[in-house]
Amino acid sequence: VDCDWSSDVCSSDLRSAPTLWQLQPMALNFKLASAATRSDNPQHTLLVVDDDQAILFTLRNFFKRHGWHILEADSISAAMKLFDANRDYIDAMVVDYQFDGKQTGLDLVVFVQGRKRNLPCVVISGQWEPTKTPRDEPGKNLFYRAKPFELPGLLALVERLTKPGPGRVGPS
């Protein structure tokens, strides 16, 4: 895997846009990642949930590089435990749609938003075609993105959703 962090491209070919499923799986376990210092607001924490280790690695490193605290899990059950232990600190969540078993990323969205109303959530999936991705639901602070997507676009969305005041969808 080649990564050029200065241009926000991580893929097997640096001339292409970031294509998350081209990355080779990394041997990573569910864990609390160390937090980077965010100059404009050190309290912003993102929960990232995906069973694909390469995507966890990519999202963790990308958001950390942009000053976010990252909590990550590779399963719905691990994410639920991590959320319950850290709910007061989590500002947004990015979660994959498809997991092994019966639960989906939307089940996790219902779980976290039931405990922290209007938590901004972005559901990502490689199963959706960009033209058939579910419609965003701003009233529920629920947004959808089809893989592959551009990492800077995901960052911009999450930052807009967690920014206090105008532009934020949920309550400040």
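Thresholds, definitions, all that
- Residues numbered from 1 in each chain as written.
- Predicted model: local features only at pLDDT ≥ 70, side-chain atom pairs only at ≥ 80, totals over all residues.
- Heavy atoms only, no water.
- Helix = DSSP H or I, 4+ residues; strand = E, 2+ residues; numbered from the N terminus.
- Buried < 20%, exposed > 50% of the residue type's maximum accessible area, 1.4 Å probe, protein only.
- Contact = heavy atoms within 4.5 Å.
- Areas by Shrake-Rupley, 256 points an atom, 1.4 Å probe, with all protein chains shown as cover.
- Pairing = 2+ DSSP bridges.
- Axes fitted to C-alpha atoms, helices over the stretch in contact; angles between N-to-C directions.
- Parallel < 35°, antiparallel > 145°, perpendicular 65-115°, else oblique.
- Left-handed = near helix turned anticlockwise from the far one by under 90°.
- Nonpolar A, V, L, I, M, F, W, Y, C, P; charged D, E, K, R; others polar.
- Core = buried A, V, L, I, M, F, W, Y, C linked by side-chain atoms within 4.5 Å.
- Salt bridge = Lys/Arg side-chain N within 4 Å of Asp/Glu carboxyl O.
- Phe/Tyr/Trp six-rings, centres within 6.5 Å; stacked < 30°, edge-to-face > 60°.

## Focus on the overall build of the protein chain
Inference 1: Assigned secondary structure in the protein chain consists of four helices and eight strands.
Inference 2: Expressed as a percentage of the 172 residues in the protein chain, the buried residues total 46%.
Inference 3: Across the protein chain, the fraction of contacts at a sequence separation of at least 24, relative to all contacts at a separation of at least 6, is 62%.
Inference 4: Carbon together with sulfur atoms contributes 50% to the accessible area of the protein chain, which is approximately 8700 Å² in total.

## A look at the pairing of strand S7 (residues 121–125)
Inference 1: Burial runs high along S7: five of the five residues are buried.
Inference 2: Burial of S7 is two-sided: the residues Cys121, Val123 and Ser125 facing one way and the residues Val122 and Ile124 facing the other way are all buried.
Inference 3: Examined bridge by bridge, strand S6 (residues 92–96) and S7 share four bridges and lie parallel to one another. Each bridged residue has a counterpart across the sheet, and for Val94 the counterpart in S7 is Val122.
Inference 4: Of the pairings in the sheet, the one linking S7 to strand S8 (residues 142–146) comprises five bridges and is parallel in character. For Ser125, the partnering residue across the bridge sits in S8 and is Ala146.

## Side note on the packing of helix H1 (residues 53–65) against helix H4 (residues 151–162)
Inference 1: Contact geometry of H1 with H4 gives a least axis separation of 11 Å together with a crossing angle of 60°. Compared by their axis directions, H1 and H4 come out oblique. Along this stretch, H1 crosses H4, giving a crossing that reads as right-handed. Facing Thr58, Leu59, Phe62 and Phe63 of H1, the residues of H4 in contact are Leu151, Pro152, Leu154, Leu155 and Val158.
Inference 2: In the contact of H1 with H4, the residues fall into eight nonpolar, one polar and no charged.

## Regarding the nonpolar core
Inference 1: Leu47, Val49, Met93, Val95, Leu108 and Val112 are the most contacted members of the largest nonpolar core, which has 25 residues in total.
Inference 2: Elements represented by at least two residues in this core include exactly strand S4 (45–49), strand S5 (69–73), helix H2 (76–86), S6, helix H3 (105–115), S7 and S8.
Inference 3: When residues in this core are grouped by element, the largest group, six residues, is from H2.
Inference 4: Each residue touching Val95, except ones within four places of it in the same chain, is listed here: Val49, Gly105, Leu108, Val109, Val122, Val123 and Ile124.
Inference 5: Listed in part, the 21 residues of the second largest apolar core include Ile70, Val122, Phe149 and Leu155.

## Here's the deal with the side chain of Asp50
Inference 1: Following the sequence through the fold, Asp50 ends up in the loop between S4 and H1.
Inference 2: With residues near it in sequence (within four places) discarded, Asp50 still touches Ile55, Leu56, Ala73, Asp74, Asp96, Phe99, Ile124 and Lys147.

## Structural notes on the pattern of salt bridges
Inference 1: Counted by the stated rule, this structure contains seven salt bridges.
Inference 2: As a salt-bridge pair, Lys147 and Asp50 come within 3.4 Å of each other at their nearest N and O atoms. Pair noted here: Lys147 is in the loop between S8 and H4 and Asp50 is in the loop between S4 and H1, with a separation of 97 residues, a long-range link. Side by side, Lys147 and Asp50 carry an identical accessibility label, which is buried.

## Things to note about the packing of aromatic side chains
Inference 1: Under the counting rule described, the total for this entry stands at five aromatic pairs.
Inference 2: Summarising the aromatic geometry, the rings of Phe63 and Trp68 are spaced 6.0 Å apart at their centres and angled 85° between planes, so their arrangement reads as edge-to-face.
Inference 3: With a relative accessible area of 0%, Trp68 lands in the buried category.
Inference 4: Between Phe83 and Phe111 the ring centres are 6.4 Å apart and the planes differ by 75°, which places this aromatic pair in the edge-to-face class. Linking Phe83 in helix H2 with Phe111 in helix H3, this pair joins segments that are 28 residues apart in sequence. Like Phe83, the residue Phe111 is buried in the burial classification.

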